[in-house]
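# Structure assessment
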Amino acid sequence: MKQQIIMERQSPQEIKAYQEELLRRQLIYLREHSSYYKQLFENHHIDIDTIRTIEDLERIPTTTKDDIQAHNEDFFCVGREKIIDYCSTSGTLGKPVTFGLTEEDLERLAYNEMRSFQTIGVEPGDVVQLMTTMDRRFMAGLAYFLGLRKLGAGILRVGSGIPQLQWDVILQHKPRFLIAVPSFLLKMMEYAEQHDIDYRHAGIEAVLCIGESLRNASLHDSLLTQRIREKWPIKLYSTYASTEMGAAFTECEAFQGGHVHEDLIITEVLDEEEQPVPDGEPGELVITTLGVQGVPLLRFKTGDIVRRHIAPCSCGRNTYRIGPVEGRKQQMVKYKGTTLYPPAMHDLLAGFPEIEHHVIEISHNDIGTDEIVIYISTKETAEDFLLQIKDHFRAKLRVAPRVEKRPSEELQRIIFNPLSRKPVTFIDKRKG
């Protein structure tokens with residue numbers, strides 16, 4: 001990988017000009033090496049030499065996950081002999097698709113995560129516990145490993161789950177940082193309390209949190225974050241990435257959204273008509289990768305609803321930031337006239353320590369409208385507990401879904417499905 005020029009502390013104008021230079025290089029690469037985009041340019045009579053600025057991108061059609069699924073091979077820009085690692089998307093929506101990474105792409109991935117770890121304060125020689133899987137063609141775990149290795153940090157590859165094993169390793173090796181799903185930290189704390197482990201003084205300073213939002217749309221701490229920090233006042237940094245991006249947006253110490261790595265990705269936030277929304281307003285994140293060799297993407301619609309924040313950050317970086325994922329476009333629920341996304345419901349449930357596990361199920365009822373059922377497991381025996389949950393939903397989200405109790409073992413079988421790489425807490429049974 002060529003020597004990267006880090007521009008994050010330059011002026012926004014200089015950062016944009018640099019991105020546009022990289023964009024022009026990427027467009028030439030796509031024209032020369034991508035069967036899919038070469039055909040797209042021809043079909044729509046697009047002269048890429050006239051695409052000079054980020055604003056010019058709107059003249060190019062967007063790419064969807066359906067496009068990649070239908071033409072997966074055509075998105076590969078190198079021969080199979082150049083592919084070192086095969087990753088796949090996690091299949092949150094639809095059939096997983098395959099991405100191939102070249103040696104240069106793996107180096108780029110390492111550089112991306114190295115910058116993320118530097119943003120949260122990891123230094124050479126630090127020990128970091130990796131509490132996520134590296135197998136099953138999962139890019140995230142591999143990316144964290146490569147980034148820490150490039151930075152010169154020590155890595156404890158413990159994998160996901162099993163609080164006892166996690167604590168055994170923590171107490172033996174004293175890592176400064178963890179990489180974990182934030183809701184699992186609650187399980188870690190519960191186990192520590194049951195086994196007289198003084199987790200507040202175990203040497204953990206911060207956690208890089210994946211898979212769940214730590215902030216709400218206003219960038220204030222979520223209920224989940226509040227619950228963790230009430231008992232364990234460590235720093236919780238959010239990071240957001242996907243296989244398609246090959247780049248991450250990671251919070252700094254200001255906790256005001258994840259900073260873009262300006263030399264790796266260009267973002268747009270668009271409305272339903274694919275028009276830019278004002279900064280700070282919600283829209284769908286659309287990304288263009290920079291410097292990817294294997295499977296580069298141009299104006300890819302992620303399906304994630306986010307907000308972009310451009311106000312200066314107190315950390316001194318001048319890169320814009322992407323706020324938490326407020327929902328996935330295809331997981332939007334219209335319930336009794338109110339628009340809901342799963343993350344808001346998950347966070348409300350996190351406010352009830354009595355709930356051990358929960359699963360949210362969405363289906364269509366007899367008249368074709370959305371129906372929500374929340375299954376919970378709890379040791380709480382008070383008769384009005386389910387009513388308390390419904391009242392809380394009504395107060396915060398203006399609607400009250402059906403809430404039903406289920407045995408803990410039943411929900412654990414659903415949530416920790418061995419065929420899934422991520423915990424399953426949202427089930428969408430709607431058709432079409």
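In what follows, the accompanying structure is described.

About the thresholds
Residues numbered from 1 in each chain as written. Predicted model: local features only at pLDDT ≥ 70, side-chain atom pairs only at ≥ 80, totals over all residues. Heavy atoms only, no water. Core = buried A, V, L, I, M, F, W, Y, C linked by side-chain atoms within 4.5 Å. Buried < 20%, exposed > 50% of the residue type's maximum accessible area, 1.4 Å probe, protein only. Helix = DSSP H or I, 4+ residues; strand = E, 2+ residues; numbered from the N terminus. Contact = heavy atoms within 4.5 Å. Pairing = 2+ DSSP bridges. Axes fitted to C-alpha atoms, helices over the stretch in contact; angles between N-to-C directions. Arc of directions from axis to C-beta.

## Focus: the nonpolar core
Core analysis: the biggest nonpolar cluster contains 64 residues, and Tyr37, Phe41, Ile60, Phe117, Val122 and Ile179 have the highest contact counts within it. Top element by residues in this core is helix α1 (residues 12-33). It accounts for seven residues. The contact partners of Phe117, leaving out residues within four places of it in the chain, are Val122, Tyr144, Gly147, Leu148, Leu151, Ile179 and Leu208. The next biggest cluster of nonpolar side chains, apart from the first, holds 25 residues, and it includes Leu186, Tyr199, Val207 and Ile228.

## A short note on the sheet that holds strand β21 (residues 426-428)
Strand pairs in the sheet, formed through backbone hydrogen bonds, run parallel or antiparallel to each other. Read from one edge of the open sheet, four strands run β20-β19-β18-β21, paired in mixed fashion. Two strands in the sheet have a free side with no partner beyond their single neighbour: β20 (402-405) and β21. Across the sheet, the mean angle separating the axes of adjacent strands is 20 degrees when strand polarity is ignored. By the bridge criterion, nine bridges tie strand β18 (residues 355-364) to strand β19 (residues 370-378) in an arrangement that is antiparallel. Each bridged residue has a counterpart across the sheet, and for His357 the counterpart in β19 is Ser377. On top of the sheet, helix α9 (residues 342-350) reaches β18, β19 and β21; it is set at about 150 degrees to β18, its chief contact. Packing of helix α11 (residues 408-415) onto the sheet brings it into contact with β18, β19 and β21, and relative to β18 it is tilted by some 65 degrees.

## Let's talk about the pairing of strand β12 (residues 300-306)
Across the seven residues of β12, seven count as buried, placing the element largely inside the fold. Here β12 shows a buried face lined by Phe300, Thr302, Asp304 and Val306 and a second buried face lined by Lys301, Gly303 and Ile305. Direction of pairing for β12 relative to strand β15 (residues 327-328): antiparallel, over a ladder of two bridges. Along β15, the bridge assignment pairs Asp304 with Arg328.

## Considering helix α8 (residues 223-231)
Three- or four-residue spacings in an α-helix give side chains the same orientation, since the helix completes a turn every 3.6 residues. Among the residues making up α8, those that are buried are Leu224, Thr225 and Ile228. Projection of α8 onto a plane perpendicular to its axis shows the buried side chains occupying an angular sector of 95 degrees, all on one side. Along its buried surface, α8 packs onto α7 (182-194), β7 (235-242) and α9.

## Focus on the sheet that holds strand β13 (residues 308-309)
An order of β4-β3-β5-β6-β7-β8-β9-β14-β13 is seen for the nine strands of this open sheet, with the pairing classed as mixed. Taken across any chain shown, the strands that pair with only one partner, and hence form the sheet edges, are β4 (154-157) and β13. Helix α6 (residues 163-173) contacts β3 (127-130), β4 and β5 (177-180) of the sheet and is inclined by roughly 175 degrees relative to β3.

## Overview of the environment of Arg31
Within the fold, Arg31 resides in helix α1. Every residue in contact with Arg31, bar those within four places of it in the chain, is listed here: Lys38, Phe41, Ile48 and Asp49.

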